[in-house]
Amino acid sequence: MKKLLNDLSINVTEMFRDPSFFKVFRTEIIPILRDKPVIRIWHAGCSSGEEAYSMAILLYEEGLYNKTRIYATDMNEQILEKANGGEIPITNMQLFTRNYQQAGGVKEFSRYYSVDDNVAVIQPFLKKNIVFAHHNLVTDFSFNEFHVILCRNVLIYFNNKLKNRVYHLLYNSLSDEGFVCFGSKETITDSEATTFFQIIHSREKIYYKGKKHFSIKEEGNRI
Amino acid sequence: MRIKTKLYMGFGIVLTVILLIGTTVLYTYNQQRDHLSNVVNENYERVKLADNLEAYSQAISREVRQLLLMDLNHFDQSVTIYEDQKELINYYQHSSTVQLDLLKQLSTNKDTSDLIATIEFENDQYNDLILSIFDYVESGNTNRGVQELLNNTEVRTSLIDSINELKVLEEHEMERALQSSEEMFHSALLFFSSLIGISILFIVGLTLQITKSIDRSINKVRSVMVNIPSKLMDQLPKIRNIKDDEIGDIAKTYNVMVEHLESIKKKEDKLNETLKEDNWIKSNYAQVTDNIQGLQDLKKFSETLLTSIAPLVSASFGILYIKDDGKQLIKQGSYADEYRDIGVEKINFGDGLVGQSALTNRKMYFRKLPENYIKSSSGLGEGVPTSLIIIPVKFEKGVIGVLELAKFEPFTRIEIDFLEHLCDSVGANINQILNHLKISDLLVESQTTTEELQTQSEELQQQQEELRMINEKLHDQYKQSDEKTKELEVIKKDLERRNREIQLSSKYKSEFLANMSHELRTPLNSILILSQLLHENNDQNLTKKQVEHAETIYTSGKDLLDLINDILDLSKIESGKIDIYPEELEISNVKAFVERQFSHVAQQKGVNFNIKIEHDTPSIIYTDDQRLKQILKNLLSNAFKFTKEGNVDLHIKRGSNDVNSKVIFSIRDTGIGISTEKQKSIFEAFYQGDGTTTRKYGGTGLGLSISKELSTLLGGYIEVESKEGKGSSFLLHLPDLSSQIDEAVIDMDEIAVTSEEPLNDRFDSQSNITVIHHNKTEKDIENTKELLENKVVLIVDDDMRNVFALTTALEMNKIKVLFAENGKEAIDMLNKNPAISIVLMDIMMPIMDGYEAMKKIREREEWSDLPIIALTAKAMKNDREKCLQAGASDYISKPVDMTQLLSLIKVWVYK
């Protein structure tokens, strides 16, 4: 059964996937998070953890990693184990390096891993504030309140009914004035989510939960 | 019985009588009319019918005779005439029959009916006779007809007689009827007259009765009311035996009114009494107040008051006490004490009856005084007053004095009221007098003060005059100084210009020194690396002596490098060319670094080295790692340098509440210490404790200056405490550097700085070979080797030190290394060696720099995918972007971390 699930669930991810998203996140969202005493981030559907590590790097470079707790969850336990190992096939690293550069990385990407055999191992200091845990978006419920939720490229495989369930779940898991980010290619305009959240960056699909009007600078064709 | 009922009853009876009379009149009149109509309609009709009947019978007999006569004379024409005559006779016969029938119908009594029946019979007989006559005539026997007629005359006569008999009968009847109606009318007239007469009598009687009864009741009430006396209102007559009717009601109301009037009268009397008393009080009060009006002396006031009051209330003794400033009552006046002083002079509040009265603010009245209480005398004799009254004099809710009076008889209520009233209001007068006295005193005082003030004012005017003169002088001086200021301004500008020139030349000097660093250190670094490699003797081909020489070269070179570094650091700091790169730094990391650096030194010098981190110290600080370590190194080096025995302690603790102090690094030694006067100058550049110190302890004397400048750059500061001969303690306070500072630093001028100090660190920290971290296990290295084996790396760098260092390290991983000194050479090299799998590219090179070289390489199609790693200075953030734009695949900052570089190479050469 586990093996079947493993095969069924789709695990395509990259570090700094859609670099422009991370760039916007760094320039627009990080300043808002900076004042918070503790930052909680949830990667819903983290797959093999690349995105969670990317976020850890970004926060580290912004000097916020120490007060951040990243919860990375997936329904596939096998892939969680892999994510926890923090080992990335060396083949992907060239692409990830380019992503990192485009995402506005301010240090050297090579500082965050060391190569061992054919895998790049994420530096342990990046792992210390990440919790990998099992969580099924379809059957499980909210387990904390987060300032940021990333649910990128997960819902594209869901039907509308399941999507709406997830939107409810995300909404209930988001703190007031929190942000939720979907994949750049996803469309959620046709669903109920538009009633929960305020869109604040249409290209990168960043949404905001809160009553006050909120907007961030949105430049055309950044990349 | 009530009047209303009486009236209703009377009028009811009258109305009934009138109705009765009316009805009777109507009835009688009706009967009379019936009677008359009977007479007219029946009797008269019958008479008329009988007359008609007689007339017709007469007419028939006449016509018959006519007929018989005519026949004799004119026989020829007789047929026609005869027919006409016959016709006429038949008509009369028929009419008489009709009259008879009508009579028959109208007849009511038997006599007339019988008579009419007889008439009818006789009429028939007559008619038969006529018929027989006609028969004779027609048969031409006229004579016979005449005969027949003459023979039967008695038939016609009896008919006429019968008819006349009927007429007489009917006329009798008529007469009788008329007579009876006449009688009836007379009897009715009589009845009316008597009825009206009786009614009038009855109504008059009733009216008289009712009027009399009403009149009686009203008279009764009126008689009582008339008797009300015009003046005596308190005993008014009342109406007794009241009837239960309207007048009775009036009587009752009258009684109530009388009661009210009586009570009003009583009240009025009472009021009059009070008014009289009030009047007495008021008039006397007015008289007294008039007497005391305008008196300003307390004694005189008191005497006047008492002499005014006493006669009014017939008092034989009187004393008035008035409160002084404190709680004492002073006797101010007395009455009737002609030959002796009566009364006590002073009484405290609460003492005796007078004091008690003043304290409680209540009057006291005694009616039976003991015999020896006080004696009142006149020329004739003396007696003892029996009544005594003590009344407090009030003012604004307080007591201002007390009045005491004695009298032979008891005081009346009015007298007491009067006295109380007086005492209530006289307080104001007393107060006024007291105030007046106070004001008089104050007036005297203020007059004195005014005089003094006048004198002072004169003095002040004098002084003012003097001041004005001084002011004029000052004004002159100000003008002079203004001129001087202008001169100074010119001088200041001149000085500023010179200062700018000096700063500029200083800057040139610093820049020169900073730029020299590259030139100085490149060869020196090469000497150091190579001497180190020689010293390690990896190939085991040097003699022991040679190895020692190599070590000496290394040590001397290192000293020289330190000196140069210090000088350059200082010059860079002074010329503002030091950049700060804050990042998260774990305190434990600092501890590990310090341990690594100095435990060794401590051992060598035989000094105890203790590092202690307080438990409440923040675990993280956001600062520039390298600069912090540099400061600590300087301070600790100094501590160890000047300490021969004892301890060197590093104590890390939470900072004070100061913004600039998050963490404190305290370095304490037991060395030679610094004298108080020198503590200030130790941070100045090129300074050591004294001139001799340099020679004794070595060192450049720049360490503390650099540390101080660096701590300032990191937003903190250094404090020093020291006692000569006992040791010193340096406290480094550091804050979290905010991101703003971070950005500000990045915006600063970017200058090329090669990686001098960090590499240096590595020489210092580990005596092991250059740049490789030694936390890797042998196995790792083996793996790495496998991956990297036979890969060809091209290093492009004009700095031989870097080339050597990198070459050595890479070759240990079985990588083949080629190198080029500049971009141009690099491209040539690539052309010659297609096997090159990765390029490490320095940026600052002569002839062709890294950017240009990378661009040139990327222009070539076969090298578009060639991995190029740019070697950038850590400081140059923008360099990275420029590198990426120029075509670099990735970058790594100098000093190069070998593990990182090897990982990087592995990633980029992986196929």
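All values derive from a computational prediction rather than experimental measurement.

## Focus on the overall build of chain B
Regarding its fold elements, chain B presents 23 helices and 20 strands. Residue burial in chain B is summarised as follows: out of 911 residues, 41% are buried. Of all intrachain contacts in chain B linking residues separated by at least 6 positions in sequence, the fraction that spans at least 24 positions is 68%. When the accessible surface of chain B is summed, it comes to about 52,500 Å², and 54% of that surface belongs to carbon and sulfur atoms.

## Brief notes about the overall build of chain A
A count of helices and strands for chain A gives eight helices and ten strands. Within the span of chain A, comprising 223 residues, buried residues form 57% of the whole. Partitioning the intrachain contacts of chain A with sequence separation of at least 6 by distance along the chain shows that 77% fall at a separation of at least 24.

## Remarks on the interface of chain B and chain A
Listed per partner, the contact involves 25 residues of chain B and 27 residues of chain A. Taken together, both faces of the contact between chain B and chain A bury some 2,400 Å²; the carbon and sulfur share is 46%. By the criterion of area lost to chain A, the three top residues of chain B are Glu584(B), Val907(B) and Tyr910(B), representing 26% of everything that side buries. Where chain B packs against chain A, one counts two salt bridges. For Lys128(A), the salt bridge is made with Glu586(B), and the minimal N-O distance between the two is 3.6 Å.

## Re the sheet that holds strand β14 (residues 717-723) of chain B
All names here are of chain B. Read across the sheet, five strands follow the order β10-β12-β13-β15-β14 without closing on themselves; strand pairing throughout is mixed. Each of the sheet's edge strands pairs with one partner strand only, and the pair in question is β10 (608-613) and β14. Here the average twist between neighbouring strands, direction ignored, is 10°. Where strand β13 (residues 663-669) meets strand β15 (residues 727-734), six bridges bridge the pair, whose relative direction is antiparallel. Considered in β15, the bridge of Ser-666 is made with Leu-731.

## Examining the nonpolar core
It is characteristic of soluble globular proteins that their nonpolar side chains tend to be buried jointly. Grouped together as the largest cluster of nonpolar side chains are 98 residues, with contacts concentrated most on Phe25(A), Phe109(A), Leu810(B) and Met854(B). Residues in contact with Phe109(A), not counting those within four places in the same chain, are Met15(A), Phe16(A), Ile57(A), Met93(A), Phe96(A), Thr97(A) and Tyr100(A). Counting residues in each nonpolar core, the second largest holds 42 residues, with Ile580(B), Phe598(B), Leu632(B) and Leu636(B) among its members.

## Digging into the pairing of strand β8 (residues 398-407) of chain B
All names here are of chain B. Counting buried positions over the ten residues of β8 gives nine, a clear majority of the element. The pairing of strand β1 (residues 317-323) with β8 spans six bridges and is antiparallel. Bridging from a neighbouring strand, Gly-318 pairs with Leu-405 of β8. Two successive antiparallel strands, strand β7 (residues 387-395) and β8, enclose a turn made up of two residues, where Glu-396 displays a positive phi of approximately 45°.

## Focus: a nonpolar patch on the surface
All names here are of chain B. A cluster of nonpolar residues, Ile-196, Ile-200, Val-204 and Leu-208, forms a patch on the protein surface that exposes about 370 Å² of accessible area. Of note, Ile-196 is situated in helix α5 (residues 153-226). A residue is classified by how much of its surface remains accessible, and Ile-196, at 39% relative accessible area, is partly exposed.

## Here's the deal with the packing of helix α2 (residues 19-33) of chain A against helix α3 (residues 50-61) of chain A
All names here are of chain A. It is the contact of α2 with α3, at a shortest axis distance of 11 Å, that shows an interaxial angle of 45°. One finds that α2 runs oblique with respect to α3. Here α2 runs over α3; the crossing is right-handed. Judged by residue contacts, Phe-22, Phe-25, Arg-26 and Ile-30 of α2 engage Glu-51, Ser-54, Met-55, Leu-58, Leu-59 and Glu-61 from α3. Classifying every residue of the contact of α2 with α3 by side-chain character gives six nonpolar, one polar and three charged.

## What about a positive patch on the surface?
Together, Lys212(B), Arg216(B), Lys220(B) and Lys243(B) make up a region of like positive charge exposed at the surface. For Lys212(B), the location among the structural elements is in helix α5.

## Notes on the environment of Thr289(B)
All names here are of chain B. Mapped onto the elements, Thr-289 comes out in helix α6 (residues 246-292). With a relative accessible area of 16%, Thr-289 lands in the buried category. Measuring from C-alpha to C-alpha, the distance between Thr-289 and Thr-304 comes to 10.0 Å, with 15 residues separating the pair along the chain.

## Remarks on unusual backbone geometry
Of note, the phi angle at Asn153(A) is positive, near 55°, even though the residue is not glycine. Take Asn153(A): it is sitting in the loop between β7 (146-151) and α7 (160-173). With a phi angle near 60°, Asn361(B) is a residue other than glycine that sits in the positive phi range. One can find Asn361(B) in the loop between α8 (352-360) and β4 (364-366).

## Concerning the confidence of the model for chain B
Per-chain confidence: chain B averages 80 in pLDDT, with 88% of residues scoring 70 or above. Segment residues 739-782 of chain B: pLDDT under 50, and 73 contacts once partners within four positions in sequence are set aside and those in other chains are kept.

## Focus on the sheet that holds strand β4 (residues 113-116) of chain A
All names here are of chain A. Taken together, three strands build an open sheet; the order of strands is β3-β5-β4 and the sheet is antiparallel. Every other strand in the sheet has two partners, leaving β3 (87-89) and β4 as the edge strands with one partner each. In this sheet, adjacent strand axes meet at a mean angle of 30° when their direction is disregarded. By the bridge criterion, three bridges tie β3 to strand β5 (residues 119-122) in an arrangement that is antiparallel. The residue of β5 that forms the bridge with Pro-89 is Val-119.

Reading the values: the criteria
Just so you know, the residues in each chain are numbered from 1, in the order the chain's sequence is written. Both sets of labels track the order of writing: A upward for chains, 1 upward for ligands. In keeping with the predicted nature of the model, local features appear solely for residues at pLDDT of at least 70, side-chain atom pairs appear and are counted solely at 80 or more, and the whole-chain, interface and lining totals rest on all residues. Computation of side-chain values: all heavy atoms of the structure, hydrogens and water removed. Secondary structure elements are taken from DSSP: a helix is a run of H or I of four residues or more, a strand is a run of E of two residues or more, and numbering for both begins at the N terminus. Remark: exposure states derive from per-residue accessible area (1.4 Å probe, protein chains only) relative to the maximum for the residue type, with buried under 20%, exposed over 50%, and partly exposed in between. Throughout, a residue-residue contact means that at least one pair of heavy atoms, one from each residue, lies within 4.5 Å. Per-residue and other accessible areas follow the Shrake-Rupley method at a 1.4 Å probe size, with only the shown protein chains counted as cover for residues. By definition, the buried area sums, over both parts, the 1.4 Å-probe accessible area that each loses when the two are put together. Any carboxyl oxygen of Asp or Glu within 4 Å of a side-chain nitrogen of Lys or Arg constitutes a salt bridge here. At least two bridges found by DSSP between two strands are what make those strands a pair. What counts as an axis is a line fitted to C-alpha atoms, over the stretch in contact for a helix, and the angles between N-to-C directions run from 0 to 180 degrees. Only buried residues count toward a nonpolar core, which is a set of Ala, Val, Leu, Ile, Met, Phe, Trp, Tyr and Cys residues joined through side-chain atoms within 4.5 Å. Note that patches include only residues with greater than 30% relative accessible area and no salt bridge, and the join distances are 9 Å for like charges and 5 Å for nonpolar side chains (Val, Leu, Ile, Met, Phe, Trp, Tyr). With respect to orientation, any angle under 35 degrees is reported as roughly parallel, any angle over 145 as roughly antiparallel, any angle of 65 to 115 as roughly perpendicular, and every other angle as oblique. Take the far helix as the reference: if the near one is turned anticlockwise from it by less than a right angle, the crossing is left-handed, and if turned clockwise, right-handed. Each residue is assigned to one of three groups, with Ala, Val, Leu, Ile, Met, Phe, Trp, Tyr, Cys and Pro labelled nonpolar, Asp, Glu, Lys and Arg labelled charged, and all others, Gly among them, labelled polar. Two residue types count as positive, namely Lys and Arg, and two as negative, namely Asp and Glu; His and chain ends fall outside the count. A single reference atom marks each charge: NZ on Lys, CZ on Arg, CG on Asp, CD on Glu. The predictor reports its confidence for every residue as pLDDT, a score running from 0 up to 100.

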